[in-house]
There are 2 protein chains.
Amino acid sequence: MGTTQLESVPEPKYWHLKTVIGEALDSDFAVGEILPNERDLAARFGVARATLRQALEQLELEGRLQRRRGVGTTVAPPRMGVDVSTTQHSWPGSAQDAWQSVDCATAVPPAAVARLLETGAEEETHILRRLRVSHGQQVAAELLYVPASTVPELSAIDAPSGPARSRAVLRELQRLDLDGQDRAVELGSARADDAKELDRLPGSPVLLVTTRYVSEGRTAAVSVATYRADTCRLTFGDSGDVEISHDQERRAS
Amino acid sequence: MGTTQLESVPEPKYWHLKTVIGEALDSDFAVGEILPNERDLAARFGVARATLRQALEQLELEGRLQRRRGVGTTVAPPRMGVDVSTTQHSWPGSAQDAWQSVDCATAVPPAAVARLLETGAEEETHILRRLRVSHGQQVAAELLYVPASTVPELSAIDAPSGPARSRAVLRELQRLDLDGQDRAVELGSARADDAKELDRLPGSPVLLVTTRYVSEGRTAAVSVATYRADTCRLTFGDSGDVEISHDQERRAS
């Protein structure tokens, strides 16, 4: 984006360094390649370690670099487009669903979820834990809240817990008419359990996608999904994926 | 989200502290209120400064706290929902458009933008700089790329630059049929000029929204918009806004 006259604001030193390193990544390094250690890099670019570290942090934030425990800092592949559009009207667990159920518990939901579900604060809710794999990678972990009142037919006898229980809850959802869904995406930090599932450190930046499923004029279910922000680009809209992203721009040449 | 049996993974110390402070923010502090300094806070919660700082960073990432130069750390208001849905088929600059043009330049676009625009790498492109205000706040800054070949009728004589030029380019876009638009959202870091517009520090985490406008089977324009990640929750989908978000959950009680 550095080619227009619109950028009149002076940029900090590490910012220029970030651009220089970004170009070096394009020309001198392959995806997956491990970067030299910070001392060597600082020497190579003639900067202080602190400046280098700032630039590397920026490149990690932009998905150009990955810091992996026990491996070091590697050149990241382009982010993958993961579809989160709501154009496809279907319940969780439908045929087109990209999610896999891993667990199911029954508990009282957090107050704000209960409010959104328009249930009493104390209403028992089925809480499904699901994972999403895309391009062979774990990209997201979800908590799906389904109030017991939404699926009254659900038998308590068969499959009291676990994936089988999840599937039973999802089967019951399919019986209902889906009026619509709301969706929002925002920045968050990975909870310890999500971080573990997604191979991130707790507190890593993540993209939180909250979905409200509406049936017969009321909120029938709420999903809170945590997506990896380092490897994912969330796509939506009416004609598929977008082929471009800021970080890929810098990769271009 | 701490109420289910699904969270079997032990959470780091600062994480628990973050939850405790989050509850204190709900009960003892008002939105906009300035937090005590780190030493006092560390003493109040009986933790080391380093642990406290980690917890505060998490709360900032989640939009609970705002660090403002010269002010200190304040309690953030709930994030505002900003609509980025593509359900409304319209060109930038149409009546419903939330963006304001501030500048316009003509330049060769970045290589990846040129690729997406399917123009020659050297094709002159109108680059519009626009800002988006929501709920009375600056929420996003945009670079909108419109190849000269998309708007051949554009007169070079009147309004050679600036907002008037922007409006002239947008007027020409309205003449075309919009077939569809792709949109993607991902994590990024604020460029210096965007950071200044959005009252953030350069390198702050931001949400990048890239939009491709398709007309007559080709990409007629590309928008790269930088949204504040601290104050914004991007909403899309088919029935309006979502009333819930992770950070608001913790705010509930």
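What counts and what doesn't
Residue positions are given per chain, counted from 1 along the sequence in the order it is written. Throughout, the order in which chains and ligands are written sets their labels, letters from A for the former and numbers from 1 for the latter. Only residues with pLDDT of at least 70 are given local features in this predicted model, and only at 80 or more are side-chain atom pairs given and counted; all residues enter the totals for whole chains, interfaces and linings. Heavy atoms throughout the structure, all of them, feed into the side-chain values; hydrogens and water do not. Comment: elements are numbered from the N terminus, with helices defined as DSSP H or I runs of at least four residues and strands as E runs of at least two. Accessibility here uses a 1.4 Å probe with only protein chains present; expressed as a share of the type maximum, an area under 20% marks a residue as buried, one over 50% as exposed, and anything in between as partly exposed. Pairs of residues are marked as contacts when any of their non-hydrogen atoms sit within 4.5 Å. Where each domain starts and ends comes from a domain assignment, either automatic or drawn from a database. Values labelled buried area give the accessible surface lost by two parts on being combined, using a 1.4 Å probe and summing over both. The term salt bridge refers to a pairing of a side-chain nitrogen on Lys or Arg with a carboxyl oxygen on Asp or Glu at a separation within 4 Å. We define a polar contact as two N or O atoms separated by no more than 3.5 Å, with the added condition that, inside protein, one atom must be a possible hydrogen donor and the other a possible acceptor, whereas residues neighbouring each other in sequence contribute only through side-chain atom pairs. Throughout this entry, Asp, Glu, Lys and Arg are counted as charged residues, while Ala, Val, Leu, Ile, Met, Phe, Trp, Tyr, Cys and Pro are counted as nonpolar. The remaining residues, Gly among them, count as polar. What makes a nonpolar core is a set of buried Ala, Val, Leu, Ile, Met, Phe, Trp, Tyr and Cys residues whose side-chain atoms join them at distances within 4.5 Å. Paired strands, in this sense, are two strands between which DSSP finds at least two bridges. The axes used here are C-alpha line fits, helices contributing only the stretch in contact, and every angle between their N-to-C directions lies in the interval 0 to 180 degrees. Two rings from Phe, Tyr or Trp (for Trp, the six-membered ring) form a pair when their centres are within 6.5 Å of each other. A pair whose planes differ by under 30 degrees is stacked, one over 60 is edge-to-face, and the rest are tilted. A positively charged side chain is recorded as over a ring if its NZ (Lys) or CZ (Arg) lies within 6 Å of the ring centre. The angle to the ring normal must also be within 35 degrees.

### Some words on the overall build of chain A
Phase 1 of the analysis: A tally of regular secondary structure across chain A gives 7 helices and 10 strands.
Phase 2 of the analysis: In chain A, which comprises 253 residues, the proportion classed as buried is 58%.
Phase 3 of the analysis: Intrachain contacts of chain A at a sequence separation of at least 6 include 63% that bridge at least 24 residues.

### Quick notes on unusual backbone geometry
Keep in mind that most residues, glycine aside, have a negative phi and that most peptide bonds are trans.
Phase 1 of the analysis: The phi angle at Glu118(B) is positive, at roughly 55°, despite the residue not being glycine.
Phase 2 of the analysis: In this structure, Glu118(B) sits in the loop between α4 (111-117) and β5 (125-134).

### Observations regarding the domain arrangement of chain A
Residues and elements named next belong to chain A.
Phase 1 of the analysis: Once the domains are mapped, chain A shows domain 1 (13-75) and domain 2 (80-251).
Phase 2 of the analysis: Put simply, the middle of domain 1 and the middle of domain 2, counted by C-alpha atoms, are 34 Å apart.
Phase 3 of the analysis: Listed per partner, the contact involves 8 residues of domain 1 and 10 residues of domain 2.
Phase 4 of the analysis: Interface of domain 1 and domain 2: buried area, both sides summed, is about 890 Å²; carbon and sulfur atoms make up 39% of it.
Phase 5 of the analysis: Remark: the boundary between domain 1 and domain 2 carries 0 salt bridges.
Phase 6 of the analysis: If you look at where domain 1 meets domain 2, you find 0 residue pairs in polar contact (both at pLDDT 80 or more).
Phase 7 of the analysis: Each residue belonging to the side of domain 1 that touches domain 2 can be placed in one class, and the counts come to 1 nonpolar, 2 polar and 5 charged.

### Observations concerning the nonpolar core
Most often, soluble globular proteins keep nonpolar side chains buried together rather than apart.
Phase 1 of the analysis: Grouped together as the largest cluster of nonpolar side chains are 34 residues, with contacts concentrated most on Val185(A), Tyr227(A), Leu234(A), Val185(B), Tyr227(B) and Leu234(B).
Phase 2 of the analysis: Core analysis: the second largest hydrophobic core is formed by 16 residues, Ala24(A), Phe45(A), Val47(A) and Val75(A) among them.

### So, the sheet that holds strand β9 (residues 218-228) of chain A
Phase 1 of the analysis: Sheet architecture is open: 8 strands sit in the order β4(A)-β5(A)-β6(A)-β9(A)-β8(A)-β7(A)-β10(B)-β3(B), paired in mixed fashion. Edge strands, defined here as strands with exactly one partner in the open sheet, are β4 (99-107) of chain A together with β3 (80-83) of chain B. The sheet shows a mean angle of 25° between the axes of neighbouring strands, taken without regard to direction.
Phase 2 of the analysis: Note that strand β6 (residues 137-147) of chain A and β9(A) share 6 bridges and pair antiparallel. Bridged to Ala140(A) within β9(A) is Tyr227(A).

### A closer look at the packing of aromatic side chains
Phase 1 of the analysis: In this structure the tally under the stated criterion is 7 aromatic pairs over all chains.
Phase 2 of the analysis: Ring geometry for Trp99(B) and Tyr227(B): centres 6.0 Å apart, planes at 80°, overall edge-to-face. In this pair, Trp99(B) sits in strand β4 (residues 99-107) while Tyr227(B) sits in strand β9 (residues 218-228), placing the two residues 128 residues apart along the sequence.
Phase 3 of the analysis: In this structure, Lys18(A) is placed above the aromatic ring of Trp15(A), and the distance from its NZ or CZ to the ring centre is 3.5 Å.

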